[in-house]
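The chain contents come next:
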Amino acid sequence: MPPEHSQPYDFRPVTQKDLPMIAGWLGEPEVAQWWGDAEKEIAEIREHIDSVSVEPLIVELYGKPIAYLQSYDPHLEDDHPYADQPFGTLGIDLSIGLPDLIGIGHGSAILRQFVEELFEEGVPRVIIDPDPANLRAIRAYEKAGFRTMDRRHSVYGDVVLMAIDSGDEEEGQ
């Protein structure tokens, strides 16, 4: 089921009960190739449930969980490689969990809606950092309005740093 323009997604906090479902998603081939070791990732998500710097979320479509989304503040972590971004910037990561929903527009639609909500809350910039080889994700992020800013290599590996600023939509970019 491809996304519809007026189709709102719901974003809710991850709970302990969601961890087995997320672990299953991380084991899917389309997801596993871009995320690290599933056990390590689940341990980090578990820690993020009570974190101040990272907000782990489940994306729901018509009440059904379909994706994992997290936002983070690079200024709340010591030596974060993106701490050079303007104050108030949030980073996000997204992974569609259900294979049959990958590649049909949900990624860019989810990001557009989530970013719009962040802008309404006063966030000035949102960044995302796909692997340079993840061309499908990069295209989805571009469709959501993100633009490439930089290529970086950090503790997170080789990434394409992409951003969207709160004024970009009004300027028609």
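Residues numbered from 1 in each chain as written. Predicted model: local features only at pLDDT ≥ 70, side-chain atom pairs only at ≥ 80, totals over all residues. Heavy atoms only, no water.

Enquirer: Got a sec to walk through the nonpolar core? Specific residues and values, please.
Expert: Core analysis: the largest hydrophobic core is formed by 45 residues, its most contacted members being I22, I66, I92, I110, V126 and F146. Residue contributions to this core peak at seven residues, all from helix α4 (residues 106-120). Once you skip the residues sitting within four places of it in the chain, F146 turns out to touch I92, L111, V115, V126, I127, I128, Y141, M162, A163 and I164. Counting seven residues, the second-largest nonpolar core is a separate cluster that includes Y72, I127, V159 and L161. (Core = buried A, V, L, I, M, F, W, Y, C linked by side-chain atoms within 4.5 Å. Buried < 20%, exposed > 50% of the residue type's maximum accessible area, 1.4 Å probe, protein only. Helix = DSSP H or I, 4+ residues; strand = E, 2+ residues; numbered from the N terminus. Contact = heavy atoms within 4.5 Å.)

Enquirer: Any details on the pattern of salt bridges? Residues and values, ideally.
Expert: Where charged atoms from two side chains of opposite charge approach closely, those side chains can pair. What the rule picks out here adds up to nine salt bridges. A salt bridge links R152 to D84; the nearest nitrogen and oxygen atoms lie 2.6 Å apart. Pair noted here: R152 is in strand β6 (residues 147-154) and D84 is in the loop between β3 (64-72) and β4 (90-96), with a separation of 68 residues, a long-range link. Given the relative accessible area of 16%, R152 is considered buried. (Salt bridge = Lys/Arg side-chain N within 4 Å of Asp/Glu carboxyl O.)

Enquirer: Mind laying out the pairing of β3, listing which residues take part and the relevant values?
Expert: Within β3, seven of the nine residues are buried, which leaves it mostly tucked inside the rest of the structure. Where strand β2 (residues 54-61) and β3 come together, eight bridges link them in antiparallel fashion. Bridging from a neighbouring strand, E55 pairs with S71 of β3. In textbook terms, the turn of a hairpin is the stretch between consecutive antiparallel strands, and for β2 and β3 this stretch comprises two residues, one of which, Y62, has a positive phi near 55 degrees. Bridge analysis of β3 against β4 gives six bridges, and the strand direction is antiparallel. Residue L69 lies in a different strand from β4, and its bridge partner there is L94. (Pairing = 2+ DSSP bridges.)

Enquirer: Just give me the short version of the side chain of H106, but keep the residues and values in it.
Expert: As for its placement among the helices and strands, H106 is situated in helix α4. Reaching out from H106, the side chain makes a polar contact with the side chain of Y9 at a distance of 2.7 Å. (Polar contact = N/O pair within 3.5 Å; in protein donor to acceptor, adjacent residues only side chain to side chain.)

Enquirer: If you had to explain the sheet that holds strand β5 (residues 125-128) to someone new, which residues and values would you point to?
Expert: Strand order in this open sheet of seven strands is β1-β2-β3-β4-β5-β7-β6, and the pairing throughout is mixed. With partners counted over all chains shown, the strands left at the sheet margins are β1 (10-13) and β6, one partner each. Between one strand axis and the next, the sheet turns by 30 degrees as a mean value, whatever way the strands run. Here helix α1 (residues 19-26) sits on the sheet and contacts β2 and β3; the angle it forms with β3, its principal contact strand, is near 90 degrees. Most of the contacts of helix α5 (residues 135-143) go to strand β7 (residues 157-165), to which it runs at about 10 degrees, and overall it touches β4, β5, β6 and β7. (Axes fitted to C-alpha atoms, helices over the stretch in contact; angles between N-to-C directions.)

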